[in-house]
Amino acid sequence: MKLQYTVHVLVIELIINIFLVLFCFKQMLDKNKQKSIIRNLSMYNETLNHLYDGIRCFKHDFVNFIQSLEGYVKCNDMDGIRMMTDAIYTECRSICNLETLNPEMINNPAIYNLLVNKYKLACNKKIIMNIEVQCDLDKLNIDDYHLCRILGILVDNAIEAVKTCKEKIINI
């Protein structure tokens, strides 16, 4: 009888221990998920700050652009007008392209972070990078590691190849 009682106590203790281990494991997974979310939000915040800085600079330069453009208009200098509008259009496109670096559009955190870093690299090298996402990246039949590896290599190669081009534009 005492042996049977001891076995029941051990079984109950084992069940409690299993539940405690599972609970701790779930807490650990939740904590890792929260860390991942915080890391992604931090990267998105950095992207928004970059966008804000670009818009602030653009706003400041826009007044100067309009004043300069007025001089070309008064002289009826169409080449000067074209040159100024091309320059402002190029800068405007680079700022507008940051809108595509939205975690809601690029719904895979690994791909999002990769593209943000490649975008910054391209901007630092005065390369325009247009990004268009046409599918739900989480529904692709490839794991994140391989997709990041392939995409990273392709973008790195594109950045390297565009250095020799007249127009430094990469379309993804």
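Residues numbered from 1 in each chain as written. Predicted model: local features only at pLDDT ≥ 70, side-chain atom pairs only at ≥ 80, totals over all residues. Heavy atoms only, no water.

(A) The overall build of the protein chain, seen in detail. Each helix and strand counted, the protein chain has 4 helices and 2 strands in total. Helices and strands in the protein chain line up, N terminus first, as α-α-α-β-α-β. When burial is assessed residue by residue, the protein chain has 25% of its 172 residues classed as buried. Across the protein chain, the fraction of contacts at a sequence separation of at least 24, relative to all contacts at a separation of at least 6, is 71%. Total accessible area on the protein chain is roughly 12800 Å²; 63% of this is exposed by carbon and sulfur atoms. (Helix = DSSP H or I, 4+ residues; strand = E, 2+ residues; numbered from the N terminus. Buried < 20%, exposed > 50% of the residue type's maximum accessible area, 1.4 Å probe, protein only. Contact = heavy atoms within 4.5 Å. Areas by Shrake-Rupley, 256 points an atom, 1.4 Å probe, with all protein chains shown as cover.)

(B) A look at helix α3 (residues 109-124). Relative to the 22 Å expected for 16 residues at 1.5 Å per residue, α3 spans 23 Å between its end C-alpha atoms, a close match to the ideal helical length. Looking only at α3, the buried set comprises I111, Y112, N113, L114, L115, V116, K118, Y119, K120 and A122. Among the residues trailing α3, K126 stands out with phi positive, at a value near 60 degrees. (Expected span 1.5 Å × (residues − 1).)

(C) Broad picture of helix α4 (residues 144-162). The terminal C-alpha atoms of α4 lie 26 Å apart, and with 19 residues this matches the ideal 27 Å at 1.5 Å per residue to within 8%. If you check which residues of α4 are buried, you get L147, C148, L151, G152, V155, I159 and V162. All buried residues of α4 project into a common sector of 125 degrees when viewed along the axis, lining one side. For α4, the exposed residues lying more than 90 degrees away from the buried face are Y145 and L154. For α4, the secondary structure elements touched by its buried residues are α3, β1 (128-130) and β2 (169-171). The residue sitting at the N-terminus of α4 and contributing the capping side-chain oxygen is D143; that oxygen lies 3.2 Å from the backbone nitrogen of Y145. (Arc of directions from axis to C-beta. Polar contact = N/O pair within 3.5 Å; in protein donor to acceptor, adjacent residues only side chain to side chain.)

(D) Structural view of the nonpolar core. I111, M129 and I159 are the most contacted members of the largest nonpolar core, which totals 20 residues. Beyond its immediate stretch of four places on either side in the chain, I111 contacts I106, L137, L147, C148 and L151. (Core = buried A, V, L, I, M, F, W, Y, C linked by side-chain atoms within 4.5 Å.)

(E) Geometry of the side chain of K118. Assignment of secondary structure puts K118 in helix α3. The contacts of K118, once residues within four sequence positions are left out, are M129, G152, V155, D156 and I159.

(F) Summary view of the layout of surface pockets. In this structure, the second largest pocket occupies an estimated 190 Å³ of space. What lines the second largest pocket is simply I111, L115, I131, E132, V133, Q134, C135, L137, L140, L147, L151 and I172. If you list the elements that add at least two residues to the lining of the second largest pocket, you get α3 and α4. A per-class count over the lining of the second largest pocket returns 10 nonpolar, 1 polar and 1 charged. (1 Å grid on protein atoms, 1.4 Å probe; cavity = no way out; pocket = protein on both sides within 12 Å on 5 of 7 lines; lining within 4 Å. Points joined across faces, edges and corners; volume = space filled by probe spheres on them. Nonpolar A, V, L, I, M, F, W, Y, C, P; charged D, E, K, R; others polar.)

(G) View of unusual backbone geometry. At N76, a position not held by glycine, the phi torsion is positive, near 55 degrees. With respect to the helices and strands, the residue N76 is situated in the loop between α1 (2-74) and α2 (78-96).

(H) Layout of the packing of α3 against α4. At their nearest, the axes of α3 and α4 sit 10 Å apart, and the two run at 10 degrees to each other. On the basis of their axis angle, the class for α3 and α4 is roughly parallel. Pair α3 / α4 crosses with right-handed handedness. Residues A110, I111, L114, L115, K118, L121 and A122 of α3 form the contact with α4, whose participating residues are D144, L147, C148, L151, G152, V155, D156 and I159. Classifying every residue of the contact of α3 with α4 by side-chain character gives 11 nonpolar, 1 polar and 3 charged. (Axes fitted to C-alpha atoms, helices over the stretch in contact; angles between N-to-C directions. Parallel < 35°, antiparallel > 145°, perpendicular 65-115°, else oblique. Left-handed = near helix turned anticlockwise from the far one by under 90°.)

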